[in-house]
Amino acid sequence: MQKGSTKKVATYGMLIALAFIFSYIESLIPFNLGVPGIKLGLANIVILIALYLLGPKAAFFLSIVRVLLTAMTFGNMMMLWFSIAGASMAFLTMFLMKKIKGFSMVGVSIAGGVAHNVGQIIVAMIVMSEVMINYLFVLIIGGTITGMAIGIVGAVVYQKLKPIFKTID
């Protein structure tokens, strides 16, 4: 084992557990504002912070593991497809937006929230009907609002954790 790998494994385990707990808490909160499909995305706080503190490989790994665990525990195969599509689109978008100078963590998070909904609509159009595209506008508004909230919380937590994570290689 390489030096620091124990810290890395422990950190990944802690972050996966935290994202999983946030997903569970979110499943208990009746938050839909009359619009099915809109969620807060609490687990995305962990993924966003991981992207900034640990890098894209770690953040993608954490995101996929969290989606798999959540779908196997609280959902079904259909939920898995929707979640994988949303999480993949969100990650790719956040990764690219972070590389572009001039976007804050909040902006990156908003883009991720919107992209997540686009990914889910694509799956909905394939599985259900192309009419689902009409629902996209509502989900873009929801993704923007929740992405902003997650980005603000993520930016505050990131500033607190940044000194701690410098010790993890």
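Calculation rules
- Residues numbered from 1 in each chain as written.
- Predicted model: local features only at pLDDT ≥ 70, side-chain atom pairs only at ≥ 80, totals over all residues.
- Heavy atoms only, no water.
- Helix = DSSP H or I, 4+ residues; strand = E, 2+ residues; numbered from the N terminus.
- Rg over C-alpha atoms; globule rule 2.2 N^0.38 Å.
- Buried < 20%, exposed > 50% of the residue type's maximum accessible area, 1.4 Å probe, protein only.
- Contact = heavy atoms within 4.5 Å.
- Expected span 1.5 Å × (residues − 1).
- Core = buried A, V, L, I, M, F, W, Y, C linked by side-chain atoms within 4.5 Å.
- Axes fitted to C-alpha atoms, helices over the stretch in contact; angles between N-to-C directions.
- Parallel < 35°, antiparallel > 145°, perpendicular 65-115°, else oblique.
- Left-handed = near helix turned anticlockwise from the far one by under 90°.
- Patch = residues over 30% accessible without salt bridge, like charges linked within 9 Å, V, L, I, M, F, W, Y side chains within 5 Å.
- Areas by Shrake-Rupley, 256 points an atom, 1.4 Å probe, with all protein chains shown as cover.
- Salt bridge = Lys/Arg side-chain N within 4 Å of Asp/Glu carboxyl O.
- Phe/Tyr/Trp six-rings, centres within 6.5 Å; stacked < 30°, edge-to-face > 60°.
- pLDDT = per-residue confidence, 0-100.

Colleague: Help me out: how do you make sense of the overall build of the protein in this one?
Modeller: When you go through the protein residue by residue, the secondary structure sums to six helices and zero strands. On C-alpha atoms alone, the protein measures out to a radius of gyration of 16 Å, which is about the 15 Å that the 2.2 N^0.38 rule sets for 169 residues. Projected onto its principal axes, the C-alpha coordinates of the protein cover approximately 55 × 35 × 25 Å. Looking at the 169 residues of the protein, the share that counts as buried comes to 40%. For the protein, the share of sequence-separated contacts (at least 6 apart) that also reach a separation of at least 24 residues comes to 69%.

Colleague: Would you mind going over helix H1 (residues 5-28) with me for this structure?
Modeller: Since there are 3.6 residues in each turn of an α-helix, residues three or four apart along the chain are aligned in direction. Here H1 contains 24 residues, and its C-alpha end-to-end distance of 35 Å stays within 8% of the 34 Å for a straight helix at 1.5 Å per residue. Among the residues making up H1, those that are buried are Ser5, Thr11, Leu15, Ile16, Ala19, Ser23 and Glu26. On the buried face of H1, the contacting elements are helix H2 (43-53), helix H3 (56-74) and helix H6 (136-165).

Colleague: Where do I start with the nonpolar core in this structure?
Modeller: One finds Ala59, Leu62 and Met94 to be the most contacted residues of the largest nonpolar core, which totals 25 residues. When contributions to this core are tallied by element, the ones reaching two or more residues are H1, H2, H3, helix H4 (77-99), helix H5 (105-127) and H6. Examining the composition of this core, we find that nine residues originate from one element, H2, more than from any other. Not counting residues up to four positions away in its chain, the partners in contact with Leu62 are Tyr12, Leu15, Ile16, Ile47 and Ala50.

Colleague: Just to check I follow, could you spell out the packing of H1 against H3 for this structure?
Modeller: Helix packing geometry: the angle between the two helix axes and the distance between the axes. At a minimum axis separation of 9 Å, H1 and H3 run at an interaxial angle of 45°. Of the possible angle classes, the one that applies to H1 and H3 is oblique. H3 is crossed by H1, and the crossing has right-handed handedness. Residues Tyr12, Leu15, Ile16, Ala19, Phe20, Ser23 and Tyr24 of H1 pack against Ala58, Phe61, Leu62, Val65, Arg66, Leu69, Thr70, Thr73 and Phe74 of H3.

Colleague: Quick question: what am I supposed to make of a nonpolar patch on the surface here?
Modeller: On the surface, Ile21, Tyr24, Ile25, Leu28, Ile29 and Phe74 cluster together to form a nonpolar patch covering roughly 520 Å² of accessible area. Top element by residues in the nonpolar patch is H1. It accounts for four residues. The residue Leu28 is located in helix H1 in this model.

Colleague: Quick question: what am I supposed to make of the environment of Met148 here?
Modeller: Along the chain, Met148 turns up in helix H6. Note on Met148: relative accessible area 38%, which makes it partly exposed. Look past the residues within four positions of Met148 in its chain and what remains in contact with it is Val106 and Ile110.

Colleague: Help me understand the packing of aromatic side chains in this model?
Modeller: What characterises a pair of aromatic rings is the spacing of the ring centres plus the angle enclosed by the ring planes. Throughout the structure, instances matching the rule amount to six aromatic pairs. When the ring of Tyr52 is compared with that of Tyr158, the centres are 5.7 Å apart and the planes differ by 65°; the resulting orientation is edge-to-face. One end of the pair, Tyr52, is in helix H2; the other, Tyr158, is in helix H6, with 106 residues separating them in the sequence. Using a relative accessible area of 13% as the deciding quantity, one classes Tyr158 as buried. Through a chain of ring-to-ring contacts, three or more aromatic side chains come together here, namely Phe20, Tyr24 and Phe74.

Colleague: How should I be thinking about the side chain of Ser83 in this particular structure?
Modeller: Inspection of the secondary structure puts Ser83 in helix H4. Given the relative accessible area of 15%, Ser83 is considered buried. Sequence-distant contacts of Ser83, that is, excluding residues within four places in its chain, are made with Val67 and Gln120.

Colleague: Is there a simple way to think about the confidence of the model for the protein in this case?
Modeller: When pLDDT drops low, the exact placement of atoms in the prediction is not to be read closely. Within the protein, residue pLDDT values average 88, and 92% of them lie at 70 or more. Within the protein, H1 has the poorest average pLDDT of any element, 90, and H2 the best, 95.

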